[in-house]
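# Structural description and commentary
For reference, the chains in residue letters:
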Amino acid sequence: MPHPIRRLAPALALTCTLSAGATACGGGSAAEEAAVYITAPTPSPTTQDEREDFARARFAATAGLAAGAAYRWIVKPWKDGVFDKGVQGRAAALDKAGLAGTFAYNKLKTLQRNAQGDPELVEDLAPLVPELERLKDLPAKLRAGDEAAMRTFDETIGKVRGVGSRADAHIRVMIPTESQLAAG
């Protein structure tokens, strides 16, 4: 039973500290005074410029993850010939490419939502929306070893990076971890 007591000690100390502080300040109940110390405002962009900067930052981060997944597990192995018939580890590489394709597709869909805060991003991304929708079936094609699917992912990521560059949302390729890939 010593385990639960170790968990209770910090909570008890915090409660005593908060109630002593609230009592020393006077006025109001201890719960009301403690709430002042516990609640913190959540930062949020307030001006249009701040909202646009925030949208660009989220766009760049999400696009960087999609580009990293596509490059690391789809484009690079494809260019290195890992997906060719008869190559050892081909099946595992194709499965990983399918998983990366699903991850990249999900990030590209999230990217569309992230772009909503910046009118310039929305305008530049609009021509790519049908192309992004067509990516939905590509993860299954990647698992089957479809070369056209690999090329399509590579081209689409390049176009998204172009949209980011035009909108000053500089995209840095970030390779996601395998646990991030599995989480989608």
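## Here's the deal with unusual backbone geometry
- Phi at Asp-168 is positive, roughly 60°, even though this residue is not glycine.
- With relative accessibility at 56%, the residue Asp-168 sits in the exposed group.

## Section: the nonpolar core
- Judged by nonpolar contacts, the single largest core of 39 residues is most densely connected at Phe-59, Ile-74, Leu-108 and Val-160.
- Among the elements that line this core, the one with the most residues is helix H3 (residues 48-80), at 11 residues.
- Among residues more than four places away in sequence, those in contact with Leu-108 are Ala-66, Leu-132, Leu-135, Thr-156, Ile-157 and Val-160.

## Section: the environment of Val-75
- Inspection of the secondary structure assignment puts Val-75 in helix H3.
- Between the alpha carbons of Val-75 and Ala-97 there is a distance of 8.9 Å; along the sequence they are 22 residues apart.
- Those residues in contact with Val-75 that lie beyond four places of it in its chain are Ala-70 and Asp-154.

## Some details on helix H8 (residues 147-166)
- Taking 1.5 Å per residue as the helical rise, H8 with its 20 residues ought to reach 28 Å, and the 29 Å between its terminal C-alpha atoms agrees with that figure.
- The complete set of buried residues in H8 reads Ala-149, Met-150, Phe-153, Thr-156, Ile-157, Val-160, Val-163 and Gly-164. One side of H8 carries all its buried residues, which in axial view fall inside an arc of 145°.
- Check the buried side of H8 and you find it contacts H3, helix H4 (90-114), helix H5 (119-125), helix H6 (129-134) and helix H7 (138-143).
- Asp-168 lies just past H8 and shows a positive phi near 60°.

## Focus on the confidence of the model for the protein chain
- Looking at the protein chain as a whole, its pLDDT mean stands at 78, while 75% of the residues score no less than 70.
- At the low end of the mean pLDDT range in the protein chain sits helix H1 (residues 2-25), at 54; at the high end sits H5, at 89.

## Concerning a nonpolar patch on the surface
- The grouping of Tyr-71, Val-173 and Ile-175 at the surface amounts to a nonpolar patch, some 270 Å² of accessible area in total.
- Along the chain, Val-173 turns up in the loop between H8 and helix H9 (178-183).

Quick notes on the rules
Residues numbered from 1 in each chain as written. Predicted model: local features only at pLDDT ≥ 70, side-chain atom pairs only at ≥ 80, totals over all residues. Heavy atoms only, no water. Buried < 20%, exposed > 50% of the residue type's maximum accessible area, 1.4 Å probe, protein only. Core = buried A, V, L, I, M, F, W, Y, C linked by side-chain atoms within 4.5 Å. Helix = DSSP H or I, 4+ residues; strand = E, 2+ residues; numbered from the N terminus. Contact = heavy atoms within 4.5 Å. Expected span 1.5 Å × (residues − 1). Arc of directions from axis to C-beta. pLDDT = per-residue confidence, 0-100. Patch = residues over 30% accessible without salt bridge, like charges linked within 9 Å, V, L, I, M, F, W, Y side chains within 5 Å. Areas by Shrake-Rupley, 256 points an atom, 1.4 Å probe, with all protein chains shown as cover. Salt bridge = Lys/Arg side-chain N within 4 Å of Asp/Glu carboxyl O.

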